[in-house]
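# A closer look at the structure
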Amino acid sequence: MAKMNVLITGMSGLIGGVVKEQLADKYELSALNRSGVAGVKCHQADISDLDAIRPAFTGQDVVVHLAAKAGEYTWEELQAVNVAGTYNVFEAAREAGVKRVIYASSGATIAGWEKEEPYLSIAQGRYDDAPTSWPMLTHQTPIRPSGIYGASKVWGEALARHYADTTDLSIICLRIGHVTEEDRPLSARDYAVWCSQRDIARMVELAVAAPIDLPFATLFVLSDNRWGYRDLSHAHKVLGFEPQDRAEDHR
């Protein structure tokens, strides 16, 4: 049986690299990237240009959309890549008859809840001020983005819902925790929101392989963190995700 064709946007990034390693032996990979990527077929273009990226989608079965501006960027930069670029990726996928898009969303879509207790104490590492248990934030919790970056990811999720409802695309939104180059927590907050490289790579693999009759899902992706406040039970129910790593192991 021929391998499925999987296109990864932003393959040169940190998550793109670990996903490439996870999927390389199982799928026929290609990249959509502004710079070349060694070892795979790469279409070099900027996702803010719909006409320029269209050829990358021809013949693809699944698109893993990782390309984004993450963090403190100007509105113009976020608008071009996270807003217009995400629309362009979804639209090019639809036009090309792609079966599924996996959208790299972010925990920043709900991180504004860290302004409230008990999440504030948890995020600041003030565990003596935190209760012994707390309500988990789920995929049904009202959004509360942190920053314009978080708001841009909310836009991407809303757009994903629209495409899933009005086209044949299956779209899985992954609200990814903090993945670090060092592959360990780097701050007090990370002990709540850290996601290991192994865990995000495995989650993307599960999303690629999910039954095609799954039309839409929004799932948190974290490691098994003692102080985590984002629900992972839905990800387990939908995709069978079981994180392998724990922030506490790095204390």
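Coordinates for the structure precede this section.
Residues numbered from 1 in each chain as written. Predicted model: local features only at pLDDT ≥ 70, side-chain atom pairs only at ≥ 80, totals over all residues. Heavy atoms only, no water.

### With respect to the packing of aromatic side chains
Any aromatic ring pair is given by two values, namely how distant the centres are and how the planes are angled relative to each other. What the rule picks out here adds up to five aromatic pairs. On the basis of an interplanar angle of 50° and a centroid distance of 5.4 Å, the ring pair of Tyr 119 and Tyr 229 is categorised as tilted. Taken together, the residues Tyr 119 in helix H4 (residues 119-124) and Tyr 229 in the loop between strand S7 (216-221) and helix H8 (233-239) connect sequence positions 110 residues apart. Note on Tyr 119: relative accessible area 7%, which makes it buried. Using a relative accessible area of 0% as the deciding quantity, one classes Tyr 229 as buried. Aromatic ring contacts, followed pair by pair, group Phe 90, Tyr 103 and Tyr 163 into a single cluster. (Phe/Tyr/Trp six-rings, centres within 6.5 Å; stacked < 30°, edge-to-face > 60°. Helix = DSSP H or I, 4+ residues; strand = E, 2+ residues; numbered from the N terminus. Buried < 20%, exposed > 50% of the residue type's maximum accessible area, 1.4 Å probe, protein only.)

### Thoughts on the pattern of salt bridges
If you walk through the whole model with that rule in mind, you get 15 salt bridges. Taking the shortest distance from any N to any O, the salt bridge between Arg 126 and Glu 117 comes out at 3.5 Å. A relative accessible area of 29% places Arg 126 in the partly exposed class. Given the relative accessible area of 46%, Glu 117 is considered partly exposed. A network of salt bridges, in which partner residues are shared, links Lys 26, Arg 202 and Glu 205. (Salt bridge = Lys/Arg side-chain N within 4 Å of Asp/Glu carboxyl O.)

### Some points on the pairing of strand S2 (residues 28-33)
The buried fraction of S2 amounts to five of the six residues, a majority that puts the element mostly inside the structure. For the crossover from strand S1 (residues 5-9) across helix H1 (residues 14-23) to S2, the handedness is right-handed. Where S2 meets strand S3 (residues 41-44), four bridges bridge the pair, whose relative direction is parallel. Residue pairing across strands places Asn 33 opposite Gln 44, the latter belonging to S3. (Right-handed = clockwise from strand over helix to strand, strands pointing away. Pairing = 2+ DSSP bridges.)

In short, geometric facts, not functional conclusions.
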